[in-house]
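Summary of the model geometry
The lines below spell out each chain.
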Amino acid sequence: MQRRRLGRIGHHSSVLIYGGAALGEVTQDVADTSIEIALAAGINHFDVAASYGEAELRLGPWMPRIRGDIFLATKTGQRDAESAWVEINASLERLQTDHLDLIQLHSVGNLERLDLVTAADGALTAAVRARDEGLVSWIGITGHTHDAPATHLEALRRFDFDSVLSPINWVLSQDAAYLAGYEALVAEVQRRDVAFMTIKTVSRRNWPDLDNKSHATWYEPFADQFNIDAAVAWALSHPEIAGIPTAGDVRLLPLMIEAERRAASTSREEAAAVLERAPDHSSPFIDIPI
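Starting afresh in each chain, residues are numbered from 1 along the sequence in its written order. It should be noted that, the model being predicted, local features are given only for residues of pLDDT at least 70 and side-chain atom pairs only at 80 or more, the latter also being counted only at that level, while totals for whole chains, interfaces and linings use all residues. For the side-chain quantities, the full set of heavy atoms in the structure was used; hydrogens and water were omitted.

1. Remarks on the pattern of salt bridges
For clarity, the threshold we go by: For salt bridges, the criterion is a side-chain nitrogen of Lys or Arg within 4 Å of an Asp or Glu carboxyl oxygen. Working definition: helices are DSSP H or I runs of at least four residues, strands are E runs of at least two. Numbering for both runs from the N terminus. Residue exposure (1.4 Å probe, protein chains only): buried if accessible area is under 20% of the type maximum, exposed if over 50%, otherwise partly exposed.
Taken as a whole and assessed by the stated rule, the structure comprises 22 salt bridges. Arg 94 serves as the salt-bridge partner of Glu 56, at 2.9 Å between the closest nitrogen and oxygen. Of this pair, Glu 56 sits in helix α2 (residues 55-59) while Arg 94 is found in helix α4 (residues 81-94), placing the two residues 38 residues apart along the sequence. Take Arg 94: its relative accessible area is 24%, and that puts it in the partly exposed class. For the salt bridge of Glu 133 with Arg 129, the shortest nitrogen-to-oxygen distance reads 3.0 Å. Exposure remark for Glu 133: the relative accessible area of 48% places this residue in the partly exposed category. Residue Arg 129 is classed as partly exposed on the basis of its relative accessible area of 39%. Via salt bridges that share partners, Arg 8, Asp 160, Asp 162, Glu 188, Arg 191 and Arg 192 belong to a single interconnected network.

In structure tokens form, the structure reads like this:
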């Protein structure tokens, strides 16, 4: 699998990052099979979060075997320092490790949330403490809203984050205002040599019926190889993107791995032509919880 440098962090991460949300509601046996598939494909970067159900507990038993071979990231969704400190330490215990490569302030997609986490008693204080005490090496920020790129640009003005995880896919790039915000964020990320990762790669649209979801993802995904091939190829055609977390359903992992294998043979223009014809392709940020 192709690897890209994770900004100034320096790690050469697989371009597919294992999206730990897929482990939130599965058995350990299912988790083990999925992790084995990921490792066999060459994935060396695992991303999880305290809020992803049982995901940290499912990944934890693997740490004695693979901790030295992977880049391990998790997230805290707490907004104040005290709660975030407790959650970071709980994540370390659940993941069966004494050190995280990356802690991310999770789901910071608007200025109101950014104000909370960057306040004097906000979650960022706990992340910095964890770094200073040797519990984590790097600090990042994530968000998944229409305002995420602009919010993350402001976040970089307030603190020198080491990584940013912000959304982009073909359909979002068709929104001129969104694209302008994304491009401004990318320019600043590149100026600072910040690790840049992106989400919503294989999103097709927001769920039209939450009571009849076919997958464990927050959005309705593309579920066929043809459109997943195009979505992954389009994302990976952007050199600023160091990696894309795999979708939050274990059944989609093999399709994304296959898409990565094929991506080099598809141009951005060819991928866009496929996605332009995809039915009901729309922003995942329509009436979606943030």
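2. As for α4
Going by this rule: Helix span, as expected, comes to 1.5 Å for every residue beyond the first. An arc is given here, and it is the one of the directions from the helix axis to the C-beta atoms. Between two residues, a contact is recorded if the distance between any of their heavy atoms is within 4.5 Å. The term polar contact refers here to a pair of N or O atoms within 3.5 Å; inside protein, the definition further demands a hydrogen-donor-capable atom paired with an acceptor-capable atom, and it admits residues adjacent in sequence only when both atoms are side-chain atoms.
Along its 14 residues, α4 runs 20 Å from first to last C-alpha, staying within 8% of the 20 Å computed at 1.5 Å per residue. Residues of α4 that are buried include every one of Ala 81, Ala 84, Trp 85, Glu 87, Ile 88, Ser 91 and Leu 92, and no others. Burial along α4 is one-sided: seen end-on, the buried residues are contained in an arc of 165 degrees. The exposed residues of α4 that point more than 90 degrees off its buried face are Glu 82, Val 86 and Glu 93. Buried positions along α4 lie against α2, β5 (71-76), β6 (100-105) and α6 (123-132). Of the residues flanking the start of α4, the one acting as N-cap is Asp 80, its side-chain oxygen 3.3 Å from the backbone nitrogen of Glu 82. Positioned one or two residues after α4, Gln 96 has a phi angle of 55 degrees, which is positive.

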